[in-house]
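Chain and residue survey
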Amino acid sequence: MNRLVVNMYKDMLLSIKRGNGVNGKSIAKPILLLSIIENISSQKLICNNLLCDDNNIKNCYARLMMAHGEQCKIPMSVPYYHLASSPFYHLIWKEKERPPFGGHTPSAKYLREHLLYAKLDDELWELLQDAESREYIKQSIIRRYLTE
């Protein structure tokens, strides 16, 4: 894969906007990204349709949150929805436009009812199919967000 493209996506992934957590900036979005990457690596995720109730991603997310001391205080639906503020991650709604909702963050039920899936940029998805590029991006996320 083109090194320029790898670095462009690495830079995008390392500049995601994060909300405030209990102990500083939230790690929910980086953990969700790592969960997606891990599921691609283990071939449990074979297409670029990231479902909000995918049990493999949810289980990996919960395990990684626990491993980093978060005890799953933030449900996966929160970063799943808010990661759409990043240019490489897209929500695909069932309707032409997102239906209205009452709160700041829609519930997991709302997402199941109104969302088809989320997806990464096709180019990023292809990049993550390559083991070397995937590991490079994974380690970059870990160094940036999960090390002291």
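Presented here is an overview of the structure given in this document. (Residues numbered from 1 in each chain as written. Predicted model: local features only at pLDDT ≥ 70, side-chain atom pairs only at ≥ 80, totals over all residues. Heavy atoms only, no water.)

1. Some words on the side chain of Arg134
Relative to the assigned elements, Arg134 resides in helix 7 (residues 131–145). Here the side chain of Arg134 touches Leu128 through a polar contact of 2.7 Å, landing on its backbone oxygen. With sequence-adjacent residues up to four places away left out, Arg134 is seen in contact with Ile37, Ile40, Ser41, Leu127, Leu128 and Gln129. (Helix = DSSP H or I, 4+ residues; strand = E, 2+ residues; numbered from the N terminus. Polar contact = N/O pair within 3.5 Å; in protein donor to acceptor, adjacent residues only side chain to side chain. Contact = heavy atoms within 4.5 Å.)

2. Examining the packing of helix 2 (residues 28–41) against helix 7
Here helix 2 crosses helix 7 at 155 degrees, and the two axes come no closer than 10 Å. Classified by the interaxial angle, the pair formed by helix 2 and helix 7 is roughly antiparallel. As for the relative orientation of helix 2 and helix 7, their crossing is left-handed in sense. Mapping the contact onto sequence places Pro30, Leu33, Leu34, Ile37, Ile40 and Ser41 in helix 2 and Arg134, Ile137, Lys138, Ile141, Ile142 and Tyr145 in helix 7. Of the residues contributing to the contact of helix 2 with helix 7, the split by class is 9 nonpolar, 1 polar and 2 charged. (Axes fitted to C-alpha atoms, helices over the stretch in contact; angles between N-to-C directions. Parallel < 35°, antiparallel > 145°, perpendicular 65-115°, else oblique. Left-handed = near helix turned anticlockwise from the far one by under 90°. Nonpolar A, V, L, I, M, F, W, Y, C, P; charged D, E, K, R; others polar.)

3. Comments concerning the pattern of salt bridges
Scanning the model with the defined rule gives 4 salt bridges in all. Where Glu38 meets Arg63, a salt bridge forms, and the shortest distance between an N and an O atom there is 2.2 Å. Of this pair, Glu38 sits in helix 2 while Arg63 sits in helix 3 (residues 55–67), and the two are 25 residues apart along the sequence. The partly exposed category is assigned to Glu38, whose relative accessible area is 29%. Across the pair Asp122 and Lys119 runs a salt bridge whose closest N-O atoms are separated by 2.9 Å. (Salt bridge = Lys/Arg side-chain N within 4 Å of Asp/Glu carboxyl O. Buried < 20%, exposed > 50% of the residue type's maximum accessible area, 1.4 Å probe, protein only.)

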